[in-house]
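# Structure at a glance
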Amino acid sequence: MKTSISLSVVAIGGWLTFTGLAHAQQSGPDLQAYQQQELKARGGVDSALSALRIAEASKASNVGELRQALAQAEAAYRRAVTARVVVQSAAAGGKPDFATLQSDVATRQAKMREAVASYLNDRLKNASSSEKPQIRAGAESMLRALNLESEIVNEAARRANPSSDQTTRRMNDLLHRISATDTNELREKRSAQEHETEMWLRERQRQLDVEEYQRLARNAQFVGNNGQPITGIQRERIALDAEKQLSESLAFHAREKTPFWDWWNNTTDSRRSLAGQIKADIDASPEYQALNYLSQVTTAQRCSSAPWRWPCATVSRRWTNGYARLSGAKR
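These remarks concern the structure in this document.

## Remarks on the overall build of the chain
Regarding its fold elements, the chain presents 12 helices and zero strands. For the chain, the residues scored as buried account for 42% of the 331 residues in total. Carbon and sulfur atoms make up 51% of the accessible area of the chain, which totals about 18,700 Å².

## A look at the nonpolar core
Core analysis: the largest hydrophobic core is formed by 23 residues, its most contacted members being Met171, Ile178, Tyr213, Leu246, Leu250 and Ile278. Within the residue set of this core, elements represented by two or more residues are helix 6 (166-180), helix 7 (192-219), helix 8 (232-255), helix 10 (270-284) and helix 11 (286-305). The element best represented in this core is helix 8, accounting for six residues. Discounting chain neighbours no more than four positions away, the residues touching Ile278 are Val210, Gln214, Glu243, Leu246, Ser247 and Leu250. Counting residues in each nonpolar core, the second largest holds 17 residues, with Val45, Leu49, Val85 and Leu148 among its members.

## What about helix 8?
Its 24 residues place the ends of helix 8 35 Å apart at the C-alpha level, agreeing with the 34 Å of an ideal helix rising 1.5 Å per residue. Listed as buried for helix 8 are Arg235, Ile238, Ala239, Leu240, Asp241, Ala242, Glu243, Leu246, Ser247, Ser249, Leu250 and Ala254.

## Describing the packing of helix 2 (residues 31-58) against helix 5 (residues 132-160)
Think of two packed helices as two axes; the pair is described by the angle between the axes and how far apart they sit. Close contact between helix 2 and helix 5 brings their axes to 9 Å; oriented N to C, the two are set at 140°. Taken together, the axes of helix 2 and helix 5 are oblique relative to one another. By crossing handedness, the relation of helix 2 to helix 5 is classed as right-handed. Between helix 2 and helix 5, the contacting residues are Arg42, Val45, Asp46, Leu49, Ser50, Arg53, Ile54 and Ala57 on the first element and Pro133, Gln134, Ala137, Glu140, Ser141, Met142, Arg144 and Ala145 on the second. For the contact of helix 2 with helix 5, the residue count by class is eight nonpolar, three polar and five charged.

## Structural notes on unusual backbone geometry
With a phi close to 55°, Lys59 is a non-glycine residue in the positive phi region. If you trace the backbone, Lys59 turns up in the loop between helix 2 and helix 3 (63-91).

## Describing the layout of surface pockets
Its volume calculated, the largest pocket comes out at about 1,100 Å³. In terms of lining, the largest pocket is formed by 29 residues, of which the most central are Arg144, Gln207, Glu211, Gln214 and Arg215. Those elements that place two or more of their residues in the lining of the largest pocket are helix 2, helix 3, helix 7 and helix 10. Considering every element that reaches the lining of the largest pocket, the biggest residue donor is helix 7, with 10 residues. Looking at side-chain class alone, the lining of the largest pocket contains six nonpolar, nine polar and 14 charged residues.

## What to know about the pattern of salt bridges
Tallied over the entire structure, the rule returns 23 salt bridges. Across the pair Arg84 and Glu149 runs a salt bridge whose closest N-O atoms are separated by 3.3 Å. Taken together, the residues Arg84 in helix 3 and Glu149 in helix 5 connect sequence positions 65 residues apart. The salt bridge involving Asp283 is made with Lys279; its shortest N-O contact spans 3.0 Å.

## A closer look at the side chain of Arg204
Locating Arg204 in the fold gives a position in helix 7. Only 3.3 Å separates the side chain of Arg204 from the side chain of Glu140, close enough to count as a polar contact. Look past the residues within four positions of Arg204 in its chain and what remains in contact with it is Arg53 and Glu140.

Rules used throughout
- Residues numbered from 1 in each chain as written.
- Predicted model: local features only at pLDDT ≥ 70, side-chain atom pairs only at ≥ 80, totals over all residues.
- Heavy atoms only, no water.
- Helix = DSSP H or I, 4+ residues; strand = E, 2+ residues; numbered from the N terminus.
- Buried < 20%, exposed > 50% of the residue type's maximum accessible area, 1.4 Å probe, protein only.
- Areas by Shrake-Rupley, 256 points an atom, 1.4 Å probe, with all protein chains shown as cover.
- Core = buried A, V, L, I, M, F, W, Y, C linked by side-chain atoms within 4.5 Å.
- Contact = heavy atoms within 4.5 Å.
- Expected span 1.5 Å × (residues − 1).
- Axes fitted to C-alpha atoms, helices over the stretch in contact; angles between N-to-C directions.
- Parallel < 35°, antiparallel > 145°, perpendicular 65-115°, else oblique.
- Left-handed = near helix turned anticlockwise from the far one by under 90°.
- Nonpolar A, V, L, I, M, F, W, Y, C, P; charged D, E, K, R; others polar.
- 1 Å grid on protein atoms, 1.4 Å probe; cavity = no way out; pocket = protein on both sides within 12 Å on 5 of 7 lines; lining within 4 Å.
- Points joined across faces, edges and corners; volume = space filled by probe spheres on them.
- Salt bridge = Lys/Arg side-chain N within 4 Å of Asp/Glu carboxyl O.
- Polar contact = N/O pair within 3.5 Å; in protein donor to acceptor, adjacent residues only side chain to side chain.

Here it is in C-alpha coordinates:
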(Lines give C-alpha, C1' and ligand atoms only; values in the text may rest on other atoms or scores of the structure.)
Protein backbone atom coordinates (compact mmCIF):
# COMPACT_ATOMS: atom_id res chain seq x y z
CA MET A 1 0.00 0.00 0.00
CA LYS A 2 1.36 3.37 -0.95
CA THR A 3 1.16 5.80 1.91
CA SER A 4 1.32 9.57 1.61
CA ILE A 5 4.03 10.42 4.02
CA SER A 6 2.23 13.05 5.28
CA LEU A 7 4.71 15.26 18.64
CA SER A 8 4.01 12.83 21.29
CA VAL A 9 0.50 12.22 22.60
CA VAL A 10 0.99 14.96 25.11
CA ALA A 11 1.88 17.37 22.34
CA ILE A 12 -1.33 16.49 20.48
CA GLY A 13 -3.29 17.64 23.49
CA GLY A 14 -1.22 20.80 23.37
CA TRP A 15 -2.19 21.38 19.74
CA LEU A 16 -5.86 20.98 20.53
CA THR A 17 -5.45 23.38 23.39
CA PHE A 18 -3.55 25.72 21.09
CA THR A 19 -6.19 25.77 18.36
CA GLY A 20 -8.97 26.10 20.90
CA LEU A 21 -7.47 28.80 23.05
CA ALA A 22 -5.77 30.84 20.36
CA HIS A 23 -9.13 32.25 19.34
CA ALA A 24 -10.48 32.63 22.88
CA GLN A 25 -10.54 35.97 24.62
CA GLN A 26 -7.83 36.44 27.20
CA SER A 27 -8.22 39.00 29.93
CA GLY A 28 -4.82 40.41 30.73
CA PRO A 29 -2.73 37.21 30.64
CA ASP A 30 0.34 37.21 32.82
CA LEU A 31 2.89 36.45 30.08
CA GLN A 32 5.83 36.70 32.46
CA ALA A 33 4.45 33.88 34.60
CA TYR A 34 4.21 31.62 31.55
CA GLN A 35 7.73 32.53 30.50
CA GLN A 36 9.00 31.61 33.96
CA GLN A 37 7.13 28.32 33.75
CA GLU A 38 8.80 27.64 30.41
CA LEU A 39 12.25 28.39 31.85
CA LYS A 40 11.57 26.04 34.75
CA ALA A 41 10.53 23.27 32.36
CA ARG A 42 13.62 23.95 30.26
CA GLY A 43 15.75 23.49 33.36
CA GLY A 44 14.12 20.10 33.85
CA VAL A 45 15.14 19.08 30.34
CA ASP A 46 18.71 20.28 30.96
CA SER A 47 19.02 18.25 34.17
CA ALA A 48 17.42 15.10 32.73
CA LEU A 49 19.54 15.18 29.56
CA SER A 50 22.79 15.79 31.46
CA ALA A 51 22.07 12.87 33.80
CA LEU A 52 21.27 10.60 30.84
CA ARG A 53 24.38 11.43 28.81
CA ILE A 54 26.68 10.98 31.82
CA ALA A 55 25.03 7.63 32.59
CA GLU A 56 25.42 6.53 28.96
CA ALA A 57 29.10 7.48 28.98
CA SER A 58 29.71 5.44 32.13
CA LYS A 59 27.44 2.58 30.94
CA ALA A 60 25.32 2.82 34.06
CA SER A 61 22.46 0.39 34.68
CA ASN A 62 19.73 3.05 34.99
CA VAL A 63 19.93 4.41 31.43
CA GLY A 64 16.41 3.19 30.61
CA GLU A 65 14.91 5.01 33.60
CA LEU A 66 16.78 8.19 32.71
CA ARG A 67 15.47 8.06 29.14
CA GLN A 68 11.94 7.90 30.49
CA ALA A 69 12.71 10.83 32.78
CA LEU A 70 13.97 12.83 29.78
CA ALA A 71 10.81 12.03 27.81
CA GLN A 72 8.67 13.25 30.71
CA ALA A 73 10.74 16.44 31.05
CA GLU A 74 10.42 17.15 27.32
CA ALA A 75 6.66 16.58 27.46
CA ALA A 76 6.43 19.14 30.28
CA TYR A 77 8.54 21.55 28.23
CA ARG A 78 6.23 21.15 25.22
CA ARG A 79 3.22 21.98 27.38
CA ALA A 80 4.98 25.03 28.80
CA VAL A 81 6.01 26.33 25.37
CA THR A 82 2.52 25.75 24.00
CA ALA A 83 0.95 27.68 26.87
CA ARG A 84 3.41 30.56 26.46
CA VAL A 85 2.80 30.85 22.70
CA VAL A 86 -0.99 30.75 23.22
CA VAL A 87 -0.89 33.52 25.78
CA GLN A 88 1.66 35.53 23.80
CA SER A 89 -0.55 35.33 20.69
CA ALA A 90 -3.65 36.27 22.67
CA ALA A 91 -1.89 39.31 24.08
CA ALA A 92 -0.95 40.35 20.55
CA GLY A 93 -4.51 40.21 19.25
CA GLY A 94 -5.78 36.66 19.43
CA LYS A 95 -4.82 34.83 16.24
CA PRO A 96 -1.21 33.55 16.06
CA ASP A 97 0.97 34.90 13.28
CA PHE A 98 2.40 31.50 12.32
CA ALA A 99 4.53 32.81 9.45
CA THR A 100 6.39 35.15 11.80
CA LEU A 101 6.71 32.49 14.52
CA GLN A 102 8.07 29.93 12.05
CA SER A 103 10.57 32.38 10.55
CA ASP A 104 11.77 33.45 13.99
CA VAL A 105 12.38 29.94 15.29
CA ALA A 106 14.12 28.88 12.04
CA THR A 107 16.48 31.87 12.28
CA ARG A 108 17.28 31.11 15.91
CA GLN A 109 17.94 27.44 15.07
CA ALA A 110 20.48 28.36 12.38
CA LYS A 111 22.29 30.80 14.69
CA MET A 112 22.21 28.30 17.56
CA ARG A 113 23.88 25.58 15.50
CA GLU A 114 26.75 27.93 14.60
CA ALA A 115 27.09 29.05 18.22
CA VAL A 116 27.07 25.45 19.50
CA ALA A 117 29.75 24.43 16.98
CA SER A 118 32.02 27.29 18.08
CA TYR A 119 31.33 26.54 21.75
CA LEU A 120 32.20 22.85 21.39
CA ASN A 121 35.34 23.46 19.35
CA ASP A 122 36.55 25.86 22.03
CA ARG A 123 35.60 23.82 25.11
CA LEU A 124 36.37 20.28 24.00
CA LYS A 125 39.94 20.78 22.77
CA ASN A 126 41.28 21.02 26.33
CA ALA A 127 38.55 19.03 28.12
CA SER A 128 39.20 15.68 29.79
CA SER A 129 37.26 12.58 28.80
CA SER A 130 35.19 12.84 31.98
CA GLU A 131 34.25 16.46 31.24
CA LYS A 132 33.19 15.96 27.61
CA PRO A 133 29.78 14.29 28.27
CA GLN A 134 28.70 17.21 30.46
CA ILE A 135 29.87 19.80 27.92
CA ARG A 136 28.12 18.03 25.06
CA ALA A 137 24.95 17.56 27.10
CA GLY A 138 24.72 21.31 27.68
CA ALA A 139 25.11 22.00 23.98
CA GLU A 140 22.62 19.28 23.03
CA SER A 141 20.07 20.68 25.46
CA MET A 142 20.10 24.02 23.66
CA LEU A 143 19.58 22.30 20.31
CA ARG A 144 16.80 20.05 21.61
CA ALA A 145 14.92 22.92 23.25
CA LEU A 146 14.81 24.92 20.03
CA ASN A 147 13.90 21.85 18.02
CA LEU A 148 10.95 21.14 20.32
CA GLU A 149 9.79 24.74 20.05
CA SER A 150 10.03 24.50 16.27
CA GLU A 151 7.90 21.32 16.29
CA ILE A 152 5.24 23.04 18.37
CA VAL A 153 5.00 26.11 16.16
CA ASN A 154 5.10 24.18 12.88
CA GLU A 155 2.55 21.56 13.95
CA ALA A 156 0.19 24.27 15.18
CA ALA A 157 0.52 26.02 11.81
CA ARG A 158 -0.23 22.76 9.98
CA ARG A 159 -3.31 22.07 12.08
CA ALA A 160 -4.57 25.58 11.48
CA ASN A 161 -4.56 24.77 7.73
CA PRO A 162 -4.91 20.96 7.49
CA SER A 163 -6.03 20.88 3.86
CA SER A 164 -2.69 22.16 2.57
CA ASP A 165 -1.01 18.77 3.23
CA GLN A 166 1.99 20.41 4.88
CA THR A 167 2.49 17.32 7.05
CA THR A 168 3.26 15.28 3.94
CA ARG A 169 5.88 17.78 2.80
CA ARG A 170 7.46 18.01 6.25
CA MET A 171 7.77 14.24 6.57
CA ASN A 172 9.21 13.97 3.06
CA ASP A 173 11.78 16.66 3.92
CA LEU A 174 12.73 14.81 7.11
CA LEU A 175 12.89 11.48 5.27
CA HIS A 176 15.30 12.89 2.68
CA ARG A 177 17.48 14.65 5.27
CA ILE A 178 17.72 11.58 7.52
CA SER A 179 18.49 9.23 4.63
CA ALA A 180 21.16 11.52 3.16
CA THR A 181 23.05 12.03 6.42
CA ASP A 182 25.99 9.79 7.30
CA THR A 183 27.65 10.67 10.59
CA ASN A 184 30.88 8.77 9.82
CA GLU A 185 32.12 10.62 6.74
CA LEU A 186 35.77 11.44 6.18
CA ARG A 187 37.20 14.71 7.41
CA GLU A 188 37.31 17.40 4.74
CA LYS A 189 39.86 20.18 5.35
CA ARG A 190 38.97 20.37 9.02
CA SER A 191 41.01 19.89 12.14
CA ALA A 192 40.42 16.73 14.14
CA GLN A 193 38.38 18.68 16.69
CA GLU A 194 36.30 20.42 14.04
CA HIS A 195 35.60 17.07 12.39
CA GLU A 196 34.58 15.52 15.71
CA THR A 197 32.24 18.43 16.42
CA GLU A 198 30.70 18.34 12.94
CA MET A 199 30.04 14.60 13.12
CA TRP A 200 28.55 14.97 16.60
CA LEU A 201 26.26 17.77 15.41
CA ARG A 202 25.18 15.68 12.43
CA GLU A 203 24.42 12.69 14.64
CA ARG A 204 22.41 14.76 17.14
CA GLN A 205 20.48 16.59 14.42
CA ARG A 206 19.71 13.32 12.67
CA GLN A 207 18.45 11.84 15.93
CA LEU A 208 16.21 14.87 16.47
CA ASP A 209 14.91 14.51 12.92
CA VAL A 210 14.18 10.79 13.46
CA GLU A 211 12.29 11.56 16.67
CA GLU A 212 10.23 14.27 14.96
CA TYR A 213 9.51 11.99 11.99
CA GLN A 214 8.30 9.20 14.28
CA ARG A 215 6.12 11.57 16.31
CA LEU A 216 4.54 12.86 13.11
CA ALA A 217 4.09 9.32 11.79
CA ARG A 218 2.29 8.23 14.94
CA ASN A 219 0.45 11.35 16.06
CA ALA A 220 0.16 13.99 13.34
CA GLN A 221 -3.23 14.73 11.82
CA PHE A 222 -3.88 13.30 8.36
CA VAL A 223 -7.02 14.28 6.46
CA GLY A 224 -8.84 11.91 4.10
CA ASN A 225 -10.52 12.67 0.78
CA ASN A 226 -13.72 13.51 2.66
CA GLY A 227 -11.97 16.30 4.57
CA GLN A 228 -12.16 14.44 7.88
CA PRO A 229 -9.18 13.33 9.99
CA ILE A 230 -8.14 9.71 9.40
CA THR A 231 -8.53 7.59 12.55
CA GLY A 232 -8.54 3.99 13.73
CA ILE A 233 -6.74 1.13 12.02
CA GLN A 234 -6.28 3.11 8.81
CA ARG A 235 -4.38 5.79 10.75
CA GLU A 236 -2.25 3.15 12.46
CA ARG A 237 -1.35 1.67 9.08
CA ILE A 238 -0.15 5.07 7.92
CA ALA A 239 2.16 5.22 10.94
CA LEU A 240 3.49 1.70 10.36
CA ASP A 241 4.08 2.27 6.65
CA ALA A 242 5.82 5.58 7.33
CA GLU A 243 8.25 4.07 9.83
CA LYS A 244 8.93 1.13 7.54
CA GLN A 245 9.69 3.57 4.73
CA LEU A 246 12.19 5.36 6.96
CA SER A 247 14.04 2.12 7.75
CA GLU A 248 14.03 1.02 4.11
CA SER A 249 15.20 4.42 2.86
CA LEU A 250 18.15 4.42 5.29
CA ALA A 251 19.14 0.91 4.23
CA PHE A 252 18.86 1.82 0.55
CA HIS A 253 21.04 4.92 0.84
CA ALA A 254 23.58 3.03 2.96
CA ARG A 255 23.96 0.45 0.17
CA GLU A 256 25.13 3.23 -2.13
CA LYS A 257 28.29 3.29 -0.04
CA THR A 258 29.58 -0.23 -0.61
CA PRO A 259 31.57 -2.28 1.92
CA PHE A 260 34.63 -1.83 -0.31
CA TRP A 261 34.59 1.92 0.27
CA ASP A 262 33.98 1.37 3.97
CA TRP A 263 37.14 -0.73 4.00
CA TRP A 264 39.07 1.71 1.79
CA ASN A 265 38.16 4.76 3.88
CA ASN A 266 38.24 2.89 7.19
CA THR A 267 34.70 4.03 8.00
CA THR A 268 31.32 2.39 8.53
CA ASP A 269 28.13 3.94 7.15
CA SER A 270 26.12 4.78 10.26
CA ARG A 271 22.84 4.53 8.32
CA ARG A 272 23.09 0.73 8.27
CA SER A 273 22.91 0.37 12.03
CA LEU A 274 20.23 3.06 12.30
CA ALA A 275 18.06 1.27 9.73
CA GLY A 276 18.42 -1.97 11.66
CA GLN A 277 17.61 -0.26 14.95
CA ILE A 278 14.43 1.32 13.57
CA LYS A 279 13.32 -1.99 12.03
CA ALA A 280 13.94 -3.76 15.35
CA ASP A 281 11.87 -1.12 17.17
CA ILE A 282 9.02 -1.62 14.67
CA ASP A 283 9.13 -5.40 15.08
CA ALA A 284 9.14 -5.07 18.88
CA SER A 285 6.27 -2.57 19.02
CA PRO A 286 3.14 -4.19 20.56
CA GLU A 287 0.91 -1.81 18.58
CA TYR A 288 2.48 -2.77 15.26
CA GLN A 289 2.53 -6.47 16.17
CA ALA A 290 -1.22 -6.30 16.83
CA LEU A 291 -1.78 -4.40 13.59
CA ASN A 292 0.12 -7.01 11.57
CA TYR A 293 -1.82 -9.81 13.26
CA LEU A 294 -5.17 -8.16 12.49
CA SER A 295 -4.07 -7.65 8.89
CA GLN A 296 -3.17 -11.32 8.51
CA VAL A 297 -6.42 -12.48 10.12
CA THR A 298 -8.45 -10.21 7.84
CA THR A 299 -6.62 -11.52 4.77
CA ALA A 300 -7.13 -15.15 5.83
CA GLN A 301 -10.84 -14.55 6.43
CA ARG A 302 -11.24 -12.89 3.03
CA CYS A 303 -9.36 -15.67 1.30
CA SER A 304 -11.45 -18.39 2.92
CA SER A 305 -14.50 -17.06 1.07
CA ALA A 306 -12.83 -15.88 -2.15
CA PRO A 307 -9.48 -17.67 -2.62
CA TRP A 308 -9.16 -16.53 -6.25
CA ARG A 309 -8.88 -12.84 -5.35
CA TRP A 310 -5.65 -10.94 -4.74
CA PRO A 311 -3.74 -11.25 -2.46
CA CYS A 312 -5.07 -14.69 -1.64
CA ALA A 313 -2.83 -16.36 -4.19
CA THR A 314 0.19 -15.12 -2.22
CA VAL A 315 -1.05 -16.08 1.25
CA SER A 316 1.00 -18.95 2.57
CA ARG A 317 -0.77 -22.23 3.29
CA ARG A 318 1.05 -22.35 6.60
CA TRP A 319 -0.66 -19.14 7.76
CA THR A 320 -4.07 -20.24 6.45
CA ASN A 321 -3.72 -23.52 8.30
CA GLY A 322 -2.59 -21.68 11.40
CA TYR A 323 -5.62 -19.43 11.26
CA ALA A 324 -7.87 -22.46 10.74
CA ARG A 325 -6.49 -24.01 13.90
CA LEU A 326 -6.99 -20.79 15.86
CA SER A 327 -10.53 -20.18 14.63
CA GLY A 328 -11.73 -23.76 14.52
CA ALA A 329 -12.50 -23.44 10.81
CA LYS A 330 -12.16 -26.37 8.46
CA ARG A 331 -9.04 -26.50 6.31
